[in-house]
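If you want the building blocks of each chain, they are given just below.
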Amino acid sequence: MYLIFKRFLDIVISMIAIILFSPFLAIIIIILKFSGEGEVFYLQERVGYKNKKFKIFKFATMVKNSSKIGSRDVTIRNDPRVTLFGKYLRKSKLNEVPQLFNILKGDITIIGPRPLMMLGFNRYSKDIQKNIYKIKPGLTGLGSIFFRDEEKIISNSDLPPNICYKEIILPYKGELEKWYQKNQNIKIDTYIIILTLIIILINNHNIIFTLINDLPKPSKKLKKLYDK
């Protein structure tokens, strides 16, 4: 019953949001068309439900072939691959708005673990790879909220970006998503939506523990890098 209700909300909320955002979408499309690389949408292959691949919709915020250059699928602070307007879209999270169409299609849900590129997915431990997408990936989730500014962690670390992502970020992100799988319900989903709206306005990763206080705690090393 919970999953049926969740799918119903996905359809209703995504349709309403698409209608409400349509004027902003039109403006963003025009700006992207005549600035930067001239690309508007970016269709990227991600790992989805039951580890099946699908194409995710995003507004283009990077130069062409960005996933094949620099730090590849890992974005660092002041990443030179990000376009001028792309920086604003990424900071405001407006670059994720086209994923409302993925929700409507049923590729993803509103709340769930973020779908990764295969390169990032392969950095997960075998246990996480096997279990994380037993539920549909989502537009937002516990990992998305806590790691709202994961670029800060990567920039503060002495490790290469890809190694930092694998050894520092992914283990805790996986723990958060495993916790969600075991505890998901309407109450937790409501908390996550509220926290998502707050974190866009107030960039404080610790806010996640204010409404959900029995979450697994981050390692001292991760906390030190985030609070640096």
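1. Considering the overall build of the chain
No. 1: Secondary structure summary: the chain contains 11 helices and four strands in total.
No. 2: The C-alpha atoms of the chain give a radius of gyration of 17 Å, which matches the 17 Å a tight globule of 228 residues would have.
No. 3: Counting across all 228 residues of the chain, residues that qualify as buried make up 46%.
No. 4: Nonlocal contacts in the chain, meaning residues at least 24 apart in sequence, comprise 68% of its contacts between residues at least 6 apart.
No. 5: If you sum the accessible surface of the chain, you get close to 12300 Å²; carbon and sulfur atoms cover 63% of it.
No. 6: Looking at charge distribution, the chain has the averaged site of its 38 positive side-chain charges lying 2 Å from that of its 19 negative ones.

2. Topic: the environment of Asn 162
No. 1: Here Asn 162 shows up in helix 8 (residues 161-183).
No. 2: Look at Asn 162 and you get partly exposed, because its relative accessible area is 27%.
No. 3: Along the backbone, Asn 162 and Ile 30 are 132 residues apart, and their C-alpha atoms lie at a distance of 34 Å.

3. Describing helix 11 (residues 220-227)
No. 1: All of the buried residues in helix 11 are Leu 222, Leu 225 and Tyr 226. Buried residues of helix 11, seen end-on, are gathered within an arc of 100° and therefore sit on one face of the element. Turned more than 90 degrees away from the buried face of helix 11 sit Lys 220 and Lys 224, all of them exposed.

4. With respect to the pattern of salt bridges
No. 1: Tallying each qualifying case throughout the model produces nine salt bridges.
No. 2: Note that Glu 150 and Lys 173 form a salt bridge whose closest N and O atoms lie 3.1 Å from each other. A residue pair is termed long-range when its members are at least 10 positions apart, and Glu 150 in helix 7 (residues 150-156) and Lys 173 in helix 8 qualify at 23 residues. A single burial state applies to Glu 150 and to Lys 173, both of which are buried.

5. Notes on the environment of Leu 201
No. 1: Note on placement: Leu 201 falls in helix 9 (residues 186-201).
No. 2: Taking relative accessible area as the criterion, Leu 201 reaches 72% and is therefore assigned exposed.
No. 3: The spatial distance from the C-alpha of Leu 201 to the C-alpha of Leu 222 is 23 Å, given a sequence separation of 21 residues.

Rules used throughout
- Residues numbered from 1 in each chain as written.
- Predicted model: local features only at pLDDT ≥ 70, side-chain atom pairs only at ≥ 80, totals over all residues.
- Heavy atoms only, no water.
- Helix = DSSP H or I, 4+ residues; strand = E, 2+ residues; numbered from the N terminus.
- Rg over C-alpha atoms; globule rule 2.2 N^0.38 Å.
- Buried < 20%, exposed > 50% of the residue type's maximum accessible area, 1.4 Å probe, protein only.
- Contact = heavy atoms within 4.5 Å.
- Areas by Shrake-Rupley, 256 points an atom, 1.4 Å probe, with all protein chains shown as cover.
- Lys, Arg positive; Asp, Glu negative; His and termini not counted.
- Charge placed at Lys NZ, Arg CZ, Asp CG, Glu CD.
- Arc of directions from axis to C-beta.
- Salt bridge = Lys/Arg side-chain N within 4 Å of Asp/Glu carboxyl O.

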